[in-house]
Amino acid sequence: MKRVILLFVSLVVMAFQLLFAQSFTVKGKVIAEEGNEPLIGVAIMQEGTNNGVITDIDGNYSIEIKGVAQATLVYSYIGMQQQQHVVTPQTQKLDITLKSDAQLVDEVVVVAYGVRKKGTVTGSVSTIKAEKMESVPAAGFDQALQGQTPGLMVMSNSGEPSKAAAFQIRGTNSITSGTSPLFILDGVPISSSDFNTISPSDIENISVLKDASSTSIYGARAANGVVVITTKRGRSMDKAHITLRTQWGISQLAKGEWNLMNTAERIQFEKEVGLDAGQDYDLLSQTDVNWRDMVFNDNAMLQNYDLSINRATERLNYFVSGSFYDQDGIAQGSTFRRYSMRANAEVKASNWLKVGTNSMVTYEEVEQADQGSYSLSSPISACRFMLPYWNPYNPDGSLATNANGGWTGTTVNPIEWMDNNPVTNKKYKVLSVLFAEVTPIENMTYRVQFGADYTHSTGFMQSFPSYQLNNGLGVAGRQSNDILNLTVTNTLNYRFDVRHDHHFNVMVGQEGVDYQAEGFNVTTRGQNNDFLTNVTSGTRASSWQDNTTAYSFLSFFGRAEYNYDDRYYVELGLRTDASSRFGKDHRWGKFWSVGLMWNAKKERFLQKYDWLHNAQVSFSTGTSGNSEIPNFDHLALASGGWIYMDAAGIAPFNLRVQAGLLPQGLFPAVSFRPDPAGDFRLTHQFSGKGIELLFGNKGWEDLHCQRDHQHGAEHQDAHIDVSLSASGSQNPFQHMVTSSPKVRSLS
């Protein structure tokens, strides 16, 4: 009887379980950890099925589970870390708090034509995040990169706020051609003159590609390294996020006081060397001027305002910003002012199509001080030669001049030069990128991108006729330049796995670049009125020029990546470039790379060492090119502007081609064939701080036929990169040690 009762109870329990297994409902609410705000549109999917729902406007959801007694729910939202939870009929209610994936974003590295997870890149790539640049009070991102990553040298050659810094990656890579890296902004190449048109607050991150494995995919333009700039996107949040950032500051000379004589010392010196004849020292001793303070401003003001709004949802992602930047240079007559706007947007039109744009508009006004050529009239040079008892200002604060009798010096007042010889430059820039991504099948993505970069710049200079050195005759000049750079890029990427341990990623692509520039400048003289000192009112033209230039690239490239169990990595790259800059016999250049990496930390014998966070050994070799050579230099050219018997004429321009010294067959791309290069990287983190050591070796051979004779050189460069950082530090300490380049042979 007991057995019958036990059997009956078991059948009842099983019946109830089957009843509940057929259907049960789980309800709950999803909020964001930051701000505890409800999230709209969070996707909740039952793992292994097509059963799913999304949260409503209040973050609430209700999902029905059928046919099982236990299920796994997956909660996913753009910009949030995905979560998985097991539910049963007893769960009934499950509230979820999603965390931001900012940490995951930090683990992503932007590389050529794509992104990779940090630690899976065979080449040498360093990434600088936005927070390291936003706090630096600089007009452009270039100055904010100083000291931010090992292997990158950033040098400011001018104190002008509008001047760009010079870049070098792991030393000098060419003897006779360009040494600047290739700069890519959202997939479009830009020049160093465009740095100040980009607001640093609009930049999400910057990747510095240093070795052949990471740069050869850019072919004939990548011999000096590549800097890839990515602008911001909308962050994941339920509501639009508005940010206002302001900066105020002052600039001053890096070196403080100059060792110049004051008036008392100058008078004593003149008496000792016999220069005191006819001098009224009682009168002169009443004036004591520090000419450094007269020309340079130790309180040059800086102000910056950035306003942005951004949001990300399941279907729409946008970032819109506006910026105003105003900075006075440390020298009188030097100012920089910028107005900029940016709009980045992505729309997921369907499950297989995404379209978007990254666009910016910038307007700049620049006044530049005299560059410092040695002259007693230009202020930067003359301030070192002016005597301390020569006062550049009258007692009422007006400029002391020879005309009003206030200037007592033997030359003209150099500060008067700045008021009478103004130079103003303006720049208008529009850069827009349109793209579409199509996913025809799972893990395959086709991306087409079109970029248009247009720049219009003008310059206007005046030298007023009332200025003493002009003898009543003024000068006016005007220039105008237009540049249009069009880029189209097509890439097809396919990722697949074999047996879960073998991971493959294959990419093929095509790219075309078309660059056109034209401009003119004209200078006239003879103006006799300060208020009409313009080009039209001149009596004669003293100089006039116009220029037109163009170049183009057509490229095909591919990359194949393989890794086994996230331990062993292989990367192969291939690119072929054709450029109008190269002669017809060497129009195409071929470039390749091979990269290998062993992630030793994944091995069992190292996993027990908790103090070691990363240990990788990489090897790479490949080729890249340097296309920074003059346009049309391989052609026989003729130049105008010559006058024969009062008649316009032309004459040969490129005499090397005319004489046969530089035929088409001797003008290849400047190619670099690196010796095998290896890196050994160790990373250790402790108490929120980190240290990264990288030991490497780099070599190249240079074959350059731009000059009259062929030059060949071999180069060997060893480097040790040391990076120290601490969490919470806006400016982490970083240090780099790089050996001086050694030229082993030259012929």
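Described in the following lines is the structure provided in the data block. Everything numeric in this text was worked out from a predicted model, so none of it was measured. (Residues numbered from 1 in each chain as written. Predicted model: local features only at pLDDT ≥ 70, side-chain atom pairs only at ≥ 80, totals over all residues. Heavy atoms only, no water.)

1. Details of the sheet that holds strand β6 (residues 83-87)
Threshold: Here, strands pair whenever DSSP counts at least two bridges between them. Helix numbers and strand numbers start at the N terminus; a helix is a DSSP run of H or I with at least 4 residues, a strand a run of E with at least 2. A fitted line through C-alpha atoms represents every axis, and for helices the fit uses only the stretch in contact; the resulting angles, taken between N-to-C directions, go from 0 to 180 degrees.
Taken in spatial order, the 4 strands line up as β3-β2-β5-β6 in an open sheet, and their pairing is antiparallel. Two strands lie at the open edges of the sheet, namely β3 (52-54) and β6, each paired on one side alone. With direction set aside, neighbouring strand axes in the sheet form an average angle of 20°. Two strands pair when backbone bridges link them, and strand β5 (residues 71-76) and β6 are joined in this way by 5 bridges, in the antiparallel orientation. In the sheet register, L73 faces β6, and the bridge partner there is H85.

2. Topic: helix α6 (residues 263-273)
For clarity, the threshold we go by: A 1.4 Å probe rolled over the protein chains alone gives each residue an accessible area, and that area as a share of the maximum for its type sets the label: buried under 20%, exposed over 50%, partly exposed in between. Directions drawn from the helix axis to the C-beta atoms are what define this arc. We call two residues in contact when some of their heavy atoms are within 4.5 Å. Identification of polar contacts relies on pairs of N or O atoms within 3.5 Å, with a donor-acceptor requirement for protein atoms, meaning one able to donate a hydrogen and the other able to accept it, and with residues adjacent in sequence counted only if both atoms are side-chain atoms.
Of the residues making up α6, those classed as buried are T263, R266, I267 and E270. Buried residues of α6 fall within an arc of 100° about the axis and therefore sit on the same side. Turned more than 90 degrees away from the buried face of α6 sit A264 and E272, all of them exposed. Each element contacted by the buried residues of α6 is listed here: α7 (281-284). Regarding α6, its N-cap is N262, as a side-chain oxygen of that residue lies 3.3 Å from the backbone nitrogen of A264 further along. G274 occupies a position one or two residues after α6 and carries a positive phi of about 80°.

3. A closer look at the sheet that holds strand β15 (residues 203-209)
Within a sheet, neighbouring strands are paired by backbone hydrogen bonds and run either parallel or antiparallel to one another. Pairing is mixed across the open sheet formed by 5 strands, whose spatial order is β10-β15-β16-β13-β14. Bordering the open sheet on either side are β10 (125-129) and β14 (188-190), each of which pairs with just one other strand. Ignoring which end each strand starts from, the neighbouring axes of this sheet average 25° apart. Here β15 runs beside strand β16 (residues 226-231); their pairing, made up of 6 bridges, is antiparallel. By the bridge assignment for β16, V208 is matched with V227.

4. Remarks on the nonpolar core
Stated precisely, the cut-off is as follows: Working definition of a nonpolar core: buried Ala, Val, Leu, Ile, Met, Phe, Trp, Tyr and Cys residues. They are joined through side-chain atoms within 4.5 Å.
Ranked by internal contacts, the top residues of the largest apolar core, which has 26 residues, are M133, F141, L145, I206 and I229. Going through the elements one at a time, α4 (141-144), β11 (152-155), β12 (166-169), β13 (182-185), β14, β15, β16 and β22 (423-438) are the ones with two or more residues in this core. Membership of the second largest hydrophobic core comes to 23 residues, among which are L284, V289, V295 and A400.

5. Considerations on empty space enclosed by the protein
Our working definition: The definitions used throughout rest on a 1 Å grid laid over the protein atoms alone, on which a cavity is an enclosed set of points accommodating a 1.4 Å probe that cannot get out and a pocket is an open set flanked by protein within 12 Å on both sides along at least five of seven lines; lining residues are those having an atom within 4 Å of a point. Grid points are joined across faces, edges and corners, and a volume is the space filled by probe spheres set on the points. Gly counts as polar in this scheme, as do all residues outside two lists: the nonpolar Ala, Val, Leu, Ile, Met, Phe, Trp, Tyr, Cys and Pro, and the charged Asp, Glu, Lys and Arg.
All chains considered together, the criterion is met by 4 cavities of 30 Å³ or more. Of the voids in this model, the second largest cavity is the one considered here, and its volume is about 100 Å³. Considering the residues around the second largest cavity, the lining is formed by 13 residues, among which V111, V121, S214, R559 and E571 are closest to the centre. Of all the secondary-structure elements, those providing two or more residues to the lining of the second largest cavity are α5 (212-215) and β26 (540-564). Residues that form the lining of the second largest cavity fall into these classes: 4 nonpolar, 5 polar and 4 charged.

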